[in-house]
Amino acid sequence: MSNNTVSSARKFDFKRLTGSKGFSAFTAALLAIFLGLIFGFIVMLIASPENSAAGFRMVLIGGLKRFGDVLYFATPILMTGLAVGFAFKMGLFNIGASGQYTMGMFFALYVGFMWDLPDSIHWLVCVLAGLVGGMLWGFIPGIFKALLNVNEVITSIMFNYIGMYLVDMLIQGNSVMYIPSKTRTAYLPDAVQLPSLGIKNSNLNISFIIGIVIAIILYVILNKTTFGYELKATGYNKNAAIYAGMNGKRNIILTMVIAGGMAGLGGAFAILAPSTIAGSSMTYEPINVIAPNGFNGIAVALLGNSSPIGIIFSAIFISHIQRGGTLASLYGFKPEIIDVVIAVIIYFSAFAMLMNSTVIKVFKKRKKGRNQENSSGIESTADLNKSKAAIEKEEA
Amino acid sequence: MDTIYYLIQNTLPVAIPLLLVALGGMFSERSGVINIALEGIMLFGALFGCLSVYLIQGSSMDPQLILLFGMLVSAVAGIIYSFLLSFAAVTMKADQTITGTALNMLVPAAMLLFAKMYFNSDGITTNVDFYITEIPGLKDIPFLGRMFFQNTYITVYIGLLLLVISTIVFYKTKFGLRLRACGEHPQAADSVGINVYVMRYAGVSISGFLGGIGGFFYAVGVMDGNVNGHTGVAGFGFLALAVMIFGQWKPIKILFAALFFAFLRTLAYSIALIPFLHALNINQTFYKMLPYIATMVVLAFTSKKSRAPKAEGIPYDKGQR
């Protein structure tokens, strides 16, 4: 704890640093990641003590060897992360990214198989179809929330299931798309698959670049447009926003449509990507399971503090440890270890901000050695800093 | 007529998990904590319930006693797991929905991990037969005997008993009144000397208790005593939330809501046995969607006069007013 020794002038800087530019959000994310990884290590230690060190090393750095793959798998969760994070900015919890993702996947598949289009634009139309599919599935919870005041969490959970069953049913009923004997969809024609970036030993494709561009566009929308401002204002204080004359209902629906579109794109990117087997594409298995990438998007959004730029990095990080988890199977561990780690990271990031400010508070208390009265003053300063940090981070 | 008996006999074991878990959600939410982690709590309870059954199934114990033992284990497991929610939501004042989501994700992953490493499968398979073909004496009651005392599970009676106890605790005790006060207006409750934090811990723990048992009863009544990480409890925790909302956070209404949803689900899985539905030749997956679509329709109509606890989802802070 070297900060204990800083002078009083430096202390001010320290406070300013921790209170601004999303620094505390960043350290909070680091804290959550740290605790998640520690927990993962403990689980590995319990599961298989002798292999735990080697396996854990794989989780941490294994992904580096296959960085192309890391980015490849980061793309879908980047999009679902944006879907969750964008809605978060407005105070909406879009737990329905899974359903929107699956819908996007289906729309992209449908256009890919059933529409006859020129080769040069076919994949692009498929991607757009995915966008539309996701938007549709985001629109419904938006309508329910805006017009009927039904909590978006329960609606989107229900529509996760409805979407998943619906897509399974439609795919199973379509003889062009579905191969019953293999219980999966057929391979998409080459022209429909996303153009590869040509990186060796990797199927990294154009979707990663599109994803990053979209994240930047969302960043601009959030920070430079009236809509973005209204959206954030509604997120901070709904009643104040309505009082200020903002159209809450329209904004709710619009936010959910955009968020759904992001997740839909994620689904399209995932299914249209070329797979590791030459000449094949990714396939969808209608086995009545909710797409896990939607839930991973929640982790990505939380770690990235719902900022589109932060989400780019957190998506890469989550994908990185997922690859590491797959490689840890070399030492007898199952890839599910990473799902455990991700769940723990989400759990801690829900209150990491608070832990973070507590840690800082403890620091200052010990350092200043002041009496009880002042420490309660510090407490409120810390709270103030926290909310200030939240606002400044938005502006940054 | 046989079909009707069949449907009722099969609806009840499905309705009971929904009922118990929705009651759990009711206790938690009326104390002021949104419990979206019910799905995870159910699965956690089911996991440890089935694990305990697996460990003692070799002994010569009576199947119904084994079931009761598994029920106790699952209840304790549910309470322990729910502490993770109450710690985050009450003590750490974290976002309750996010915490709940994390807890939902943790159980299937941890379960798959350990089941794959130790059992080389996706879950735990037990081979105790909990099914009750008929209850001597009661089965001969005309009409009712066949509906309620044949081809069933003991879980049905335990579930209804727990409903009665829950209702009494909720409405007829000091504890119940205080709990409800904390969900409506915690500041007011605090001002008359009720410890809001303790009451919220209690509310979430009761939901852990009922959720854990509900999960185990799901494994017994729906999955034949098995549990696996892939299907989990098939969204029953979320459906229970819908049941709770449909039941307007009130025990008796929740019972009817649970029966309604369970009936729809049973119908979905019994299409082949019902001639006129079978003749329609609609994909079975469509019927699987029905409970969820019904939820949305119901929510759309009831939301305007929602009786949701006023303070739910808002962490209680003593210093705030």
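Calculation notes
- Residues numbered from 1 in each chain as written.
- Chains lettered and ligands numbered in written order.
- Predicted model: local features only at pLDDT ≥ 70, side-chain atom pairs only at ≥ 80, totals over all residues.
- Helix = DSSP H or I, 4+ residues; strand = E, 2+ residues; numbered from the N terminus.
- Buried ≥ 20, exposed ≤ 12 C-beta atoms within 10 Å, placed from the backbone.
- Contact = placed C-beta atoms within 7 Å.
- Core = buried A, V, L, I, M, F, W, Y, C linked by C-beta atoms within 7 Å.
- Domains from an automatic or database assignment.
- Nonpolar A, V, L, I, M, F, W, Y, C, P; charged D, E, K, R; others polar.
- Axes fitted to C-alpha atoms, helices over the stretch in contact; angles between N-to-C directions.
- Parallel < 35°, antiparallel > 145°, perpendicular 65-115°, else oblique.
- Left-handed = near helix turned anticlockwise from the far one by under 90°.

Caption draft 1: Highlighting the overall build of chain A. Each helix and strand in chain A was counted, giving 16 helices and 2 strands. Put simply, chain A has 396 residues, and 52% of those count as buried. In chain A, once contacts between residues fewer than 6 apart in sequence are set aside, the share between residues at least 24 apart is 78%.

Caption draft 2: Local environment of unusual backbone geometry. All names here are of chain B. Non-glycine residue K93 carries a positive phi angle of around 55 degrees. Position of K93 among the secondary structure elements: in the loop between α3 (63–91) and α4 (96–119). Classification of K93 by C-beta neighbours within 10 Å gives partly exposed; the count is 15. In the Ramachandran plot, D224 falls in the positive-phi region, its phi being about 60 degrees despite a non-glycine side chain. Note that D224 resides in the loop between α9 (196–221) and β4 (227–228).

Caption draft 3: Broad picture of the nonpolar core. Counting 223 residues, the largest nonpolar core has A:L272, A:I346, B:L18 and B:V243 as its most contacted members. There are two domains that each give this core at least three residues, and those are domain 1 (20–48 + 353–396) and domain 2 (56–332) of chain A. Beyond its immediate sequence surroundings of up to four residues, A:I346 is in contact with A:I298, A:A299, A:L302, B:I98, B:T101, B:A102 and B:M105.

Caption draft 4: Here's a closer look at the domain arrangement of chain A. Residue and element names in this part refer to chain A. Once the domains are mapped, chain A shows domain 1 (20–48 + 353–396) and domain 2 (56–332). At the interface, 9 residues of domain 1 touch 6 residues of domain 2. Looking at which element gives the most residues to the side of domain 1 that touches domain 2, the answer is helix α2 (residues 23–47), with 6 residues. The class makeup of the residues in the side of domain 1 that touches domain 2 is 5 nonpolar, 3 polar and 1 charged.

Caption draft 5: The interface of chain A and chain B, seen in detail. Each partner contributes to the interface: chain A provides 36 residues, whereas chain B provides 38 residues. Only α6 (119–148), α7 (152–172), α12 (292–303) and α14 (336–349) of chain A provide two or more residues apiece to the side of chain A that touches chain B. If you tally residues by element for the side of chain A that touches chain B, the top one is α7(A), at 11 residues. Here the side of chain A that touches chain B is built from residues that sort into 29 nonpolar, 3 polar and 4 charged.

Caption draft 6: Region of the structure containing the packing of α7(A) against helix α10 (residues 236–246) of chain B. At a minimum axis separation of 10 Å, α7(A) and α10(B) run at an interaxial angle of 130 degrees. By the angle between their directions, the pair α7(A) and α10(B) is classed as oblique. Judged by the sense of rotation from one axis to the other, the crossing of α7(A) with α10(B) is left-handed. Across the interface between the two elements, A:I154, A:I157 and A:M158 from α7(A) touch B:F238, B:L241, B:A242 and B:I245 from α10(B). Considering only residue class, the contact of α7(A) with α10(B) consists of 7 nonpolar, no polar and no charged.

Caption draft 7: Here's a closer look at the packing of helix α4 (residues 67–89) of chain A against helix α13 (residues 308–327) of chain A. All names here are of chain A. Where α4 contacts α13, the axes come no closer than 8 Å and their chain directions differ by 135 degrees. Considered as vectors, α4 and α13 are oriented oblique to each other. Between α4 and α13 lies a crossing whose hand is right-handed. In this structure, α4 contributes D69, V70, L71, F73, A74, I77, L78, G81, L82 and G85 to the contact, and α13 contributes P308, I311, I312, S314, A315, I316, I318, S319, H320, Q322 and R323.

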